[in-house]
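Remarks on the overall topology
Okay, here's what each chain looks like letter by letter:
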Amino acid sequence: MSKIKVLVVDDSPTMRQLVTRVLENDPDIDVVGSAKSAQQARELIKLLTPDVMTLDVEMPEMDGLSFLEKVMRLRPMPVVMVSTLTARGTDTTIAALALGAVDCVVKPSAEHPNSFDELPAKIRVASKVKRRAPVAQAVVQTPQVSSSYQPDGKVVAIGSSTGGVEALISILTAFPANCPPTLITQHMPPVFTHNLAVRLDKMCAPHVVEATVGAPLLPGTVYIAPGGDLHLEVAGRTTFACALKPGPLVNGHCPSVDRLFSSMARSLGPRAIGVLLTGMGRDGAQGLLDIHQAGGRTMAQDETTSIVYGMPKAAVELGAVDAQYSISRIGHAIIEATAGRL
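Residues numbered from 1 in each chain as written. Predicted model: local features only at pLDDT ≥ 70, side-chain atom pairs only at ≥ 80, totals over all residues. Heavy atoms only, no water.

Structurally, Thr173 can be placed in the loop between α6 (164-172) and β8 (182-186). We classify Thr173 as buried; its relative accessible area is 15%. At 2.6 Å, the side chain of Thr173 forms a polar contact with the backbone oxygen of Ile169. A polar contact of 3.3 Å, which involves the side chain of Thr173, links it to the backbone oxygen of Ser170. (Helix = DSSP H or I, 4+ residues; strand = E, 2+ residues; numbered from the N terminus. Buried < 20%, exposed > 50% of the residue type's maximum accessible area, 1.4 Å probe, protein only. Polar contact = N/O pair within 3.5 Å; in protein donor to acceptor, adjacent residues only side chain to side chain.)

Dropping the structure here:
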């Protein structure tokens, strides 16, 4: 089997060398070139036809976001963003994921010295994703309460991973401002989830926030699980609130989609709606089955529109999924399933 050809793009010679060294320690990966600028990268893409590109967020002349937009429009390819944990770096990374970057990895620092340990695995995943036409940017909506839609008391939980930012934008921009209470676990490093919530809040009619301990589940509000070492769950039996609980990794992740879904099944039973989106691995499959067996409604993103059809496929194989939808349809399906009046 041929090796995965990678182009490394970063304005720092030290960082280019570090990324190259980490990747070339993997026998399945071949770093075919490196570039210090967008202009140089553009020429090397034509010359080397890489399978995957790593792209620095913050570069001189043309920044990573502007270059990514051009790449996705003119020569779509899998891209893994390499980001600093600065406010600008994380915000730009979220914008890049919305544009179609497959994933992101944090540059090593004193707080995260081993952050590149996961880089080879992310490259392998990226090399398998289906590339397609450039992603259309969602239009910022003016928040308005729908006069025809009224939530019926159900609560929605969504799990996503690789490709999830694009998918979440598609779903949440279809929600009215008075949407059902919605909880989201998106596999993402700490700090990034805060920026994701801020960005989604600007783009969508509902209010989007990072979940906090004890926050009551209210219509019109979407709660994003904070990245880090706590699992987002639902607590309560008659009234419901966010809970953030410590615990080991589940399916290699914290926060875990399985933990969120299983808590939904316990607390809400038939009032739970579980939605599993694009992502690598099995996280969320068992939890979705728990919701299904508790009488709740379950949905999954279909194979055609999933960047990585791993998590939805695992749930389908368990018999946990009531229906699969294209990403353009799921948001509307959720609203139809939670409508007291529509």
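Our next topic: the packing of α6 against helix α11 (residues 327-337). Put simply, α6 and α11 touch, their axes get as near as 8 Å, and they point 45° apart. Judged by the inter-axis angle, α6 sits oblique to α11. Read as a crossing pair, α6 and α11 show a hand that is right-handed. Residues Ala167, Ser170 and Ile171 of α6 form the contact with α11, whose own contacting residues are Ile327, Ser328, Ile330, Gly331 and Ile334. Counted by class, the contact of α6 with α11 contains five nonpolar, three polar and no charged residues. (Axes fitted to C-alpha atoms, helices over the stretch in contact; angles between N-to-C directions. Parallel < 35°, antiparallel > 145°, perpendicular 65-115°, else oblique. Left-handed = near helix turned anticlockwise from the far one by under 90°. Contact = heavy atoms within 4.5 Å. Nonpolar A, V, L, I, M, F, W, Y, C, P; charged D, E, K, R; others polar.)

Relative to strand β12 (residues 241-246), strand β11 (residues 230-235) runs antiparallel, the two being bridged by six bridges. Considered in β12, the bridge of Glu233 is made with Ala243. A loop of five residues connects β11 with β12, the two strands running antiparallel in sequence, and Gly236 in this loop sits at a positive phi of about 120°. (Pairing = 2+ DSSP bridges.)

On to the state of the cysteines. As used here, a disulfide is simply a covalent bond connecting the sulfur atoms of two cysteines. All chains considered together, the criterion is met by zero disulfides. The cysteine Cys104 is free of any disulfide, with Cys254 supplying the nearest cysteine sulfur at 17 Å. Here Cys104 falls in the buried class, since its relative accessible area comes to 2%. (Disulfide = S-S within 2.5 Å.)

Where empty space is left in the structure can be found by rolling a water-sized probe over the atoms. Its volume calculated, the largest pocket comes out at about 910 Å³. Around the largest pocket, the lining comprises 34 residues; the ones closest to its centre are Glu118, Lys122, His187, Met188 and His253. Mapped onto the lining of the largest pocket, the elements with two or more residues apiece are β5 (103-106), α5 (119-127) and α6. The element contributing the most residues to the lining of the largest pocket is α5, with four residues. Across the lining of the largest pocket, the residue classes break down as 16 nonpolar, twelve polar and six charged. (1 Å grid on protein atoms, 1.4 Å probe; cavity = no way out; pocket = protein on both sides within 12 Å on 5 of 7 lines; lining within 4 Å. Points joined across faces, edges and corners; volume = space filled by probe spheres on them.)

The next thing to look at is helix α1 (residues 13-24). Counted at 1.5 Å a residue, the expected span for α1 with its twelve residues is 16 Å, and the 16 Å between its end C-alpha atoms agrees. For α1, every residue scored as buried is listed here: Met15, Arg16, Val19, Thr20 and Leu23. All buried residues of α1 fall inside an arc of 135° around its axis, so they share one side. Opposite the packed face of α1, turned more than 90 degrees from it, sit the exposed residues Thr14, Gln17 and Arg21. Structurally, α1 contributes buried residues whose contacts are with β1 (4-9), β2 (29-35), β3 (52-56) and α5. (Expected span 1.5 Å × (residues − 1). Arc of directions from axis to C-beta.)

In an α-helix, one turn spans 3.6 residues; hence positions three or four apart end up facing the same way. In terms of burial, α6 is largely enclosed, as eight of its nine residues are buried. Taken as a whole, α6 has its buried residues at Gly164, Val165, Glu166, Ala167, Leu168, Ile169, Ile171 and Leu172.

Where burial is concerned, the two faces of strand β10 (residues 221-224) agree: the one with Thr221 and Tyr223 and the one with Val222 and Ile224 are both buried. Summarising the sheet, β8 and β10 pair through three bridges and their orientation is parallel. Residue pairing in the sheet places Leu183 in a bridge with Tyr223 of β10. The pairing of strand β9 (residues 207-210) with β10 spans four bridges and is classified as parallel. Pairing of His207 across the sheet is with Thr221, part of β10.

All right, on to the sheet that holds β8 then. Across the sheet, which stays open at both edges, the seven strands sit in the order β9-β10-β8-β7-β13-β14-β15 with parallel pairing between neighbours. Lying at the two open borders of the sheet, with one neighbouring strand each, are β9 and β15 (323-325). Between one strand axis and the next, the sheet turns by 20° as a mean value, whatever way the strands run. Most of the contacts of helix α7 (residues 192-203) go to β9, to which it runs at about 175°, and overall it touches β8, β9 and β10. Packed onto the sheet, helix α8 (residues 257-268) meets β7 (155-160), β8 and β13 (272-276) and runs at close to 165° relative to β7.

Spatially, the five strands line up as an open sheet ordered β2-β1-β3-β4-β5, and their pairing is parallel. The open sheet has two edge strands, β2 and β5, and neither has a second partner. In this sheet, neighbouring strand axes are inclined to one another by 25° on average, regardless of whether the strands run parallel or antiparallel. Sheet topology places β3 next to strand β4 (residues 79-83); four bridges connect them, and they run parallel. Directly across from Met53, in β4, lies its bridge partner Val79.

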